[in-house]
Amino acid sequence: MLQVQEVRKEFKTKTGPVVGVERLTFDVRPGEVFGLLGPNGAGKTTTLRMIATLMKPTSGRVSVGGYDTVSQSHEVRQLIGYLSNETGIYERFTPREQLQFFADVHGVPKATAKRRIDELIERFEMGDFQNRQANGFSTGMKQKVSIARALVHDPSLVIFDEPTAGLDVFAARAVHRSIESLREEGKSVILSTHIMHEVEKLCDRIGVIYKGRLYALGTLEELREQTGLVHMDDIFFKIVGEES
Ligand SMILES: Nc1ncnc2c1ncn2[C@@H]1O[C@H](COP(=O)(O)OP(=O)(O)OP(=O)(O)O)[C@@H](O)[C@H]1O
């Protein structure tokens with residue numbers, strides 16, 4: 001579903017070039033939750049933005065469903081849902097209006113959109129507040145609307161950038177459940193996080209990213225075998241070769 005091949009991203013800054021990521025190669029298969037695990041500044045957001053067609057690689061290639069993210073960005077956008085860590089919601093709109101708006105943006109036919117929005121409102125338990133203006137919503141309520149909005153056009157690949165940042169345990173659990181149900185539906189999910197237990201719990205395969213490079217790639221079991229360690233935090237420090 002997703003292929004990232006030898007991708008490098010360099011930023012030009014006043015003080016000289018900064019490498020965001022380099023020699024990044026991995027794929028994500030249908031029905032798979034792939035975790036991109038790394039600390040602040042590792043290159044997770046840069047990677048996700050390139051997949052989401054919002055940034056062009058300096059070199060290398062990213063494709064989604066066989067479409068190139070640079071030369072066929074329109075096709076790619078139909079296939080992806082993107083929850084960025086900055087996804088905001090319109091405070092003056094109700095959840096139902098926001099979902100309708102994004103369904104229109106993606107050209108979803110009216111009847112399909114209505115069915116899909118009803119399903120999402122039920123799935124995310126938004127029935128009680130579906131017709132309330134979003135100002136005054138809790139962080140958890142806003143996150144539900146943002147995730148539903150990323151799914152309204154029924155994308156095949158869903159990109160989540162730190163989806164549980166700032167959420168309490170109840171809201172985080174709702175996000176985890178939505179990721180699990182996407183896997184059950186056969187969707188591909190790429191999840192960026194620095195939360196170790198999140199990858200242990202949710203991810204079929206894990207890419208450990210640090211200082212712009214992929215240090216390891218495999219299932220939790222494979223990473224355990226490779227390092228002789230059990231917990232993801234211990235595994236992480238051993239892989240990147242830095243002790244806390
Ligand atoms: N627009 C930019 N201009 C210059 N440097 C950038 C830009 N965007 C990212 N970088 C640099 O690229 C590297 C990777 O950043 P990125 O935001 O992808 O990391 P991240 O893993 O998402 O971290 P965080 O968890 O803090 O969001 C960092 O060194 C960052 O300073």
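Given the structure is predicted, the values throughout are model-derived calculations rather than measurements.

Let's shift gears to the overall build of the protein. Summing up its helical and strand segments, the protein has nine helices and ten strands in all. Taking 18 Å as the expected radius of gyration for a compact globule of 244 residues, we find that the protein reaches 18 Å, a close match to that expectation. With respect to the three principal axes, the spread of C-alpha positions in the protein is 50 × 40 × 35 Å. The proportion of buried residues among the 244 residues of the protein is 48%.

A cluster of nonpolar side chains, namely Y90, F93, F101 and V105, defines an oily patch on the protein surface of about 360 Å² accessible area. By secondary structure assignment, the location of Y90 is in the loop between β6 (80-83) and α3 (95-105).

Moving on, we get to the layout of surface pockets. In this model, the largest pocket occupies a volume close to 460 Å³. If you trace the largest pocket, you find 21 residues lining it, with I80, G81, Y82, H106 and R149 closest to the centre. Of all elements in the fold, only α1 (44-51), α2 (73-79), β6, α3 and α5 (139-151) reach the threshold of two or more residues within the lining of the largest pocket. Looking at the lining of the largest pocket residue by residue, the class counts come to seven nonpolar, ten polar and four charged. E125, K144, F170, A174 and R177 are, among the 13 residues lining the second largest pocket, the residues nearest its centre. Those elements that provide at least two residues to the lining of the second largest pocket are α5 and α6 (169-184). The element best represented in the lining of the second largest pocket is α6, accounting for seven residues.

Taken together, F11, T13, G20, P39, N40, G41, A42, G43, K44, T45, T46 and E162 make up the full set of residues near the ligand. In the model, an oxygen atom of the ligand is placed 3.0 Å from a nitrogen or oxygen of the A42 main chain. Within the contact set of the ligand, an oxygen atom lies 2.8 Å away from a backbone nitrogen or oxygen of K44. Surface burial for the ligand is 62%, taken as the share of its 630 Å² of free accessible area covered by protein chains. Mapped by element, the contributors of at least two residues to the shell around the ligand are β1 (2-13) and α1.

As a further point, take the nonpolar core. Ranked by size, the top nonpolar core spans 47 residues in total, and within it M126, F160, I179, I206, V208, L223 and M232 carry the most contacts. For I206, the residues in contact, after removing those within four places along its chain, are F34, G35, L37, V199, A216, L217, G218, L220, L223 and M232. Of all hydrophobic cores here, the second largest spans 24 residues; its members include L24, V28, I80 and Y82.

Time to look at empty space enclosed by the protein. Taken as a whole and assessed by the stated rule, the structure comprises one cavity of 30 Å³ or more. Considered as a void within the structure, the largest cavity measures approximately 50 Å³ in volume. Forming the boundary of the largest cavity are F124, G140, Q143, K144, I147, L167, A171, A174 and V175. Mapped onto the lining of the largest cavity, the elements with two or more residues apiece are α5 and α6. Top contributing element to the lining of the largest cavity by residue count: α5, with four residues. Taken together, the residues of the lining of the largest cavity break down into six nonpolar, two polar and one charged.

It is at 10 Å that the axes of α3 and helix α4 (residues 110-123) come closest, and there the two elements cross at 140°. With respect to α4, the axis of α3 lies oblique. Handedness of the α3/α4 crossing: right-handed. For the pair α3 and α4, contact is made by R96, L99, Q100, A103 and D104 and by K110, A113, I117, D118 and I121, respectively.

With that out of the way, let us pick up the packing of aromatic side chains. Tallied over the entire structure, the rule returns nine aromatic pairs. Seen in terms of ring centroids, F93 and F101 are 6.4 Å apart; in terms of plane orientation they differ by 75°. Their pairing is edge-to-face. Of the residues examined, F93 reaches a relative accessible area of 31% and is grouped as partly exposed. You can call F101 partly exposed: its relative accessible area is 35%. Among the aromatic residues, those joined into a cluster by ring pairs are Y90, F93, F101 and F102.

The rules behind the values
Residues numbered from 1 in each chain as written. Predicted model: local features only at pLDDT ≥ 70, side-chain atom pairs only at ≥ 80, totals over all residues. Heavy atoms only, no water. Helix = DSSP H or I, 4+ residues; strand = E, 2+ residues; numbered from the N terminus. Rg over C-alpha atoms; globule rule 2.2 N^0.38 Å. Buried < 20%, exposed > 50% of the residue type's maximum accessible area, 1.4 Å probe, protein only. Patch = residues over 30% accessible without salt bridge, like charges linked within 9 Å, V, L, I, M, F, W, Y side chains within 5 Å. Areas by Shrake-Rupley, 256 points an atom, 1.4 Å probe, with all protein chains shown as cover. Salt bridge = Lys/Arg side-chain N within 4 Å of Asp/Glu carboxyl O. 1 Å grid on protein atoms, 1.4 Å probe; cavity = no way out; pocket = protein on both sides within 12 Å on 5 of 7 lines; lining within 4 Å. Points joined across faces, edges and corners; volume = space filled by probe spheres on them. Nonpolar A, V, L, I, M, F, W, Y, C, P; charged D, E, K, R; others polar. Near = heavy atom within 4 Å. Polar contact = N/O pair within 3.5 Å; in protein donor to acceptor, adjacent residues only side chain to side chain. Core = buried A, V, L, I, M, F, W, Y, C linked by side-chain atoms within 4.5 Å. Contact = heavy atoms within 4.5 Å. Axes fitted to C-alpha atoms, helices over the stretch in contact; angles between N-to-C directions. Parallel < 35°, antiparallel > 145°, perpendicular 65-115°, else oblique. Left-handed = near helix turned anticlockwise from the far one by under 90°. Phe/Tyr/Trp six-rings, centres within 6.5 Å; stacked < 30°, edge-to-face > 60°.

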